[in-house]
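So the chains spell out like this:
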Amino acid sequence: MTTTVKEKKAVKLDNITGSEAVIRSLINENVETIFGYPGGAIMPIYDALYDFDKELKHILTRHEQGAIHAAEAYAKVSGKPGIVFATSGPGATNLITGLANAMVDSTPVICITGQVHSHLLGFDAFQETDVVGISMPVTKWNFQVTKASEIPEVLAKAFYLAKNGRPGPVLIDITKDAQLENFDFLYQKVNKVPTFYPYPKINNDALLKAAELINSAKKPMVLAGQGIKISGAEEELKTFINKTGIPVASTLLGLTSFSSDHPLYFGMLGMHGSYAPNIKSNEADLIIAVGMRFDDRVTGDTSRYIKNAKVIHIDIDASEIDKNIKTDAAVIGDAKKVLEKLIPEVNQKKHEQWVNEFNELKKEEYDKVIKIDILPNTEKFRPAEIIHTISGKCKENAVVVTDVGQHQMMAARYYSLNTKNIFITSGGLGTMGFGLPASFGASMAAPDKQVVLFVGDGGLQMTIQELDTIRRNNSNIKIVLLNNSYLGMVRQWQELFNEKRYSFTDMDNPDFIKIAEAYSIKSSRVTKREELDSAIEQMFADNNPFFLEVVVEREDNVFPMVPGGAAVSDIILAKNDLKK
């Protein structure tokens, strides 16, 4: 959901502090919400913020990592950069995991950190850390401000770089003397940066070559990535698929770029993706990758990946071309603009026999895996059954958030996702602890939507203190804890590939219901099948936060599965296939 805000005109102000300049710069960029945690080195900025409580909403999280994960989700839902404040030293270093997460998942986040006085830089002052040096590998751009006069231009550049082209995180480190110094303020938005060309001109020859390959292909397949969502190309993708008749599958972050109920959609790619697209990838004669980067979880062993196929790669980031998979036609540009130009050049076609082969494998997966996973056929709950049941009872346009682990893959597989949903998860970095603060950030960006979080007992405890952030803001978040008292994904690997040597994956958990109650969040614990429907009904009964713990089968596994280092066509459909 993109929020439209009336443009604010820049105002020239004489003799204001650098701290006030930070706040006024954010207002000029139409910022409405900030996530953060105060400390000594950023105290002047917080002091300036005190006078702008009507213009800006500041959310005090319980940890800086919670602040940046919340800002990431806020950015993904709102379409605007998420803003984070943190102090120097440990405050700044606590952002690094979130910065790395935002970098690999192409999320626009702007972190503003306080720093010690400039004359103390390099002398190991109290809470001094070289956050610019530390964050350089995990930011799109960073900069250290040592003079107040630099603040407007640097922040304007930060906003432009964070959200244009391939989005990403930016960090601005501001020394304390720059925050306190006075200067004459004038804010001017940036609309270009030298040597940075965010939207490359689409090469017409490459486009026509791609169209020629598409028109001549007998067994084509589309891989839809997050670039579809970032560019707002969902309708263009649908038009392209309807015209060409090409089967499509999505990456984890590409989920909701194409509706799950479309007859040409065949699920998620990758290690725990759907059977048909993994098998058929290696039988295709043409792969059309749109806004995705051929991550190793999608490709498996690259030496045995799509060897029968020509490859068209459409991406806004030229550095992704030929990085992992060699391409035959590379169209560098915004996915929406490329598809708009490509649609008139491709022929109206149907690939009936090819699509039928996908449908046969889809049915086989349903019979051997999905039907067993989602139907109540065991005494104990299976996570897939819980996710499928909640999906059927939740609003169609919900924001679905996950943490990382088995439940993440099961939510991606068994929640009925369509283009009306927003799906928020940690993809490339796989950050446990992401889910709880991300659900809060999503709720701040879309207070009118139902936010549902699926989380495991391991990931929950990494950022469990953010329950207090949810409590204080009374956010309408439904937290679904799928509790198997294991680090489930690691345990699954230990079971399948390490002879059940469960080395430090058994979780001795606390009483989560008591913890939720301590934070004044309504809660319920379900252990029996007859309790489930009423507990879900209670969860959705009002607009207050709710914590639902479901005790699930301890040693359940998520299938299909491509073992590490295997080819995608070596996908294991069900556990029994391991013996073959």
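Fair warning: this is a prediction, and the values are worked out from it, not measured in the lab.

Things to note about the packing of helix α9 (residues 204–216) against helix α14 (residues 335–342)
Helix packing geometry: the angle between the two helix axes and the distance between the axes. At a minimum axis separation of 10 Å, α9 and α14 run at an interaxial angle of 60°. Crossing handedness for the pair α9 and α14: right-handed. Facing α9, whose interface residues are Leu 207, Ala 210, Ala 211 and Ile 214, α14 presents Val 338, Lys 341 and Leu 342. Class assignment of the residues belonging to the contact of α9 with α14 gives a composition of six nonpolar, no polar and one charged.

Regarding the sheet that holds strand β19 (residues 522–526)
An order of β16-β15-β17-β18-β20-β19 is seen for the six strands of this open sheet, with the pairing classed as parallel. The open sheet is flanked by β16 (422–424) and β19, the only strands paired with a single partner. For this sheet, the mean angle separating the axes of adjacent strands, direction not counted, is 15°. As judged from the three bridges shared by strand β15 (residues 399–402) and β16, these two strands associate in the parallel manner. The residue bridging Val 401 from the neighbouring strand is Ile 424, located in β16.

Re the pairing of strand β2 (residues 33–36)
Taking every second residue as pointing to the same face, both faces of β2 are buried, with Thr 33 and Phe 35 on one and Ile 34 and Gly 36 on the other. Crossover β2 to strand β3 (residues 57–60) through helix α2 (residues 43–49) is right-handed. When β2 meets strand β4 (residues 82–86), the two strands line up parallel, connected through two bridges. In the sheet register, Phe 35 faces β4, and the bridge partner there is Val 84.

Topic: the nonpolar core
Ranked by size, the top nonpolar core spans 98 residues in total, and within it Phe 240, Ile 288 and Phe 294 carry the most contacts. There are two domains that each give this core at least three residues, and those are domain 2 (204–358) and domain 3 (379–552). Setting aside anything within four residues of it in sequence, one finds Phe 240 in contact with Ile 214, Val 222, Ile 246, Ile 288, Leu 339, Leu 342, Ile 343 and Val 346.

Comments concerning the pattern of salt bridges
Scanning the entire structure with this criterion turns up 29 salt bridges. The partner of Asp 301 in a salt bridge is Arg 304, with the nearest N and O atoms 2.9 Å apart. Overlapping salt bridges, with partners in common, bring together Arg 62, Asp 468, Arg 471 and Arg 472 in one network.

About the thresholds
Residues numbered from 1 in each chain as written. Predicted model: local features only at pLDDT ≥ 70, side-chain atom pairs only at ≥ 80, totals over all residues. Heavy atoms only, no water. Axes fitted to C-alpha atoms, helices over the stretch in contact; angles between N-to-C directions. Helix = DSSP H or I, 4+ residues; strand = E, 2+ residues; numbered from the N terminus. Left-handed = near helix turned anticlockwise from the far one by under 90°. Contact = heavy atoms within 4.5 Å. Nonpolar A, V, L, I, M, F, W, Y, C, P; charged D, E, K, R; others polar. Pairing = 2+ DSSP bridges. Buried < 20%, exposed > 50% of the residue type's maximum accessible area, 1.4 Å probe, protein only. Right-handed = clockwise from strand over helix to strand, strands pointing away. Core = buried A, V, L, I, M, F, W, Y, C linked by side-chain atoms within 4.5 Å. Domains from an automatic or database assignment. Salt bridge = Lys/Arg side-chain N within 4 Å of Asp/Glu carboxyl O.

These figures capture arrangement, not role.
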